[in-house]
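# Structural description and commentary
Single-letter residue listing:
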Amino acid sequence: MSETKAPGPDGYNAAFVKSAWDIINGDLYLAMKEFLNTESFLGLRFSSIMINWIMEYISSPKYTLELNGSLHGYFKGWNISKRLNALRNDNLFKYHPNYQCLGITHLIFADELLLFAKADGYSIMKLFNCLQEFSRVSGLEANPAKCSIYFSGVDDGLKNQICSFLNFPEGMLPIRYLGLPFMSKRLSYLDCSPLISKISEQFPH
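Residues numbered from 1 in each chain as written. Predicted model: local features only at pLDDT ≥ 70, side-chain atom pairs only at ≥ 80, totals over all residues. Heavy atoms only, no water.

## A word on the pattern of salt bridges
The criterion, for reference: Take a side-chain nitrogen of Lys or Arg and a carboxyl oxygen of Asp or Glu: if they are within 4 Å of each other, that pair is a salt bridge. The numbering of helices and of strands both runs from the N terminus, where a helix is a DSSP run of H or I of at least 4 residues and a strand a run of E of at least 2. The buried label goes to any residue with under 20% of its type's maximum accessible area, the exposed label to any with over 50%, and the partly exposed label to all in between, with areas taken from a 1.4 Å probe on protein chains only.
Within this structure, the stated rule accounts for 2 salt bridges. Between D90 and K126 there is a salt bridge, with the nearest N and O atoms lying 3.9 Å from each other. With D90 in the loop between α5 (80-85) and β3 (106-109) and K126 in helix α6 (residues 121-138), this residue pair connects regions lying 36 residues apart in the sequence. Note on D90: relative accessible area 17%, which makes it buried. Across the pair E170 and K159 runs a salt bridge whose closest N-O atoms are separated by 3.4 Å. You can see E170 sitting in the loop between α7 (156-166) and β5 (176-177) and its partner K159 sitting in helix α7, a full 11 residues away along the chain. The class for E170 is partly exposed, based on a relative accessible area of 38%. Looking at K159, the relative accessible area reads 17%, which means it is buried.

## Observations regarding the confidence of the model for the chain
Heads up, the condition is: On a scale of 0 to 100, pLDDT captures the predictor's confidence in every residue. In this description, contact between two residues means that some pair of their heavy atoms is separated by no more than 4.5 Å.
When pLDDT is averaged across the chain, the result is 75; 70% of the residues are at 70 or more. A low-confidence stretch, residues 59-64 stays under pLDDT 50, and its non-local contacts, those more than four residues away or across chains, total 6 contacts. This stretch, residues 73-77, has a pLDDT under 50; its non-local contacts, to residues over four places away or in other chains, come to 12 contacts.

## Considering the side chain of S193
Applied cut-off: Whenever two N or O atoms come within 3.5 Å, that pair is a polar contact, provided that in protein one can donate a hydrogen and the other can accept it, and provided that, for residues adjacent in sequence, both atoms are side-chain atoms.
Inspection of the secondary structure puts S193 in helix α8 (residues 189-201). Residue S193 is classed as buried on the basis of its relative accessible area of 18%. Here the side chain of S193 touches L190 through a polar contact of 2.8 Å, landing on its backbone oxygen.

## Overview of the nonpolar core
To be explicit about the condition: Within this scheme, the nonpolar core is defined by two criteria: the residues are buried Ala, Val, Leu, Ile, Met, Phe, Trp, Tyr or Cys, and they are joined through side-chain atoms within 4.5 Å.
Counting residues in each nonpolar core, the largest one holds 12 residues, listed as Y12, F16, A20, I80, L84, L87, F93, Y95, A117, L127, C130 and F134. Put simply, the parts of the chain that give this core at least two residues each are α5 and α6. Examining the composition of this core, we find that 3 residues originate from one element, α6, more than from any other. Counting residues in hydrophobic clusters, the runner-up holds 9 residues, among them I124, I149, V154 and L166.

Following this line, the structure appears as structure tokens:
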């Protein structure tokens, strides 16, 4: 399985499971053991030998339990998207002005997370609390060297306060992902040239 693929609907990819295995393996093992003793699983009438094999498999991060082409015993993890979506019910949380009509608080692609909010103390704090709670549950932390904050129409004093609170530097537009800039207009050759150069370097001359 690719490192960026998620084996279940919670969205946690293989890279996360591997990196957090020392933290989650005990709970996952106990959860799976409890499931194997439930009526829904025992009703499948597996032999004790088969159940022991399954328990051996799930004690390793290299295996996934799949029965008749579908996953069984799905255990729901702490989903950061649902936590961020819950901000819609917080009347004090203020959306980014451009995304208020759509109710967008975040976008996730693979291991990239974009958060959106108006630059006010309460809204920023709520987003930060979601990240902190995710960190406590998963054991993963945002790397300040790989995080940036992008502002628009915000005075320097407020910018400095927010950057200091989050411990992330201010980024410069346009945002680049995989070497390409995020923009609404059509990409030019000049926009793509850094990526083209990197790809070209991989081929022998």
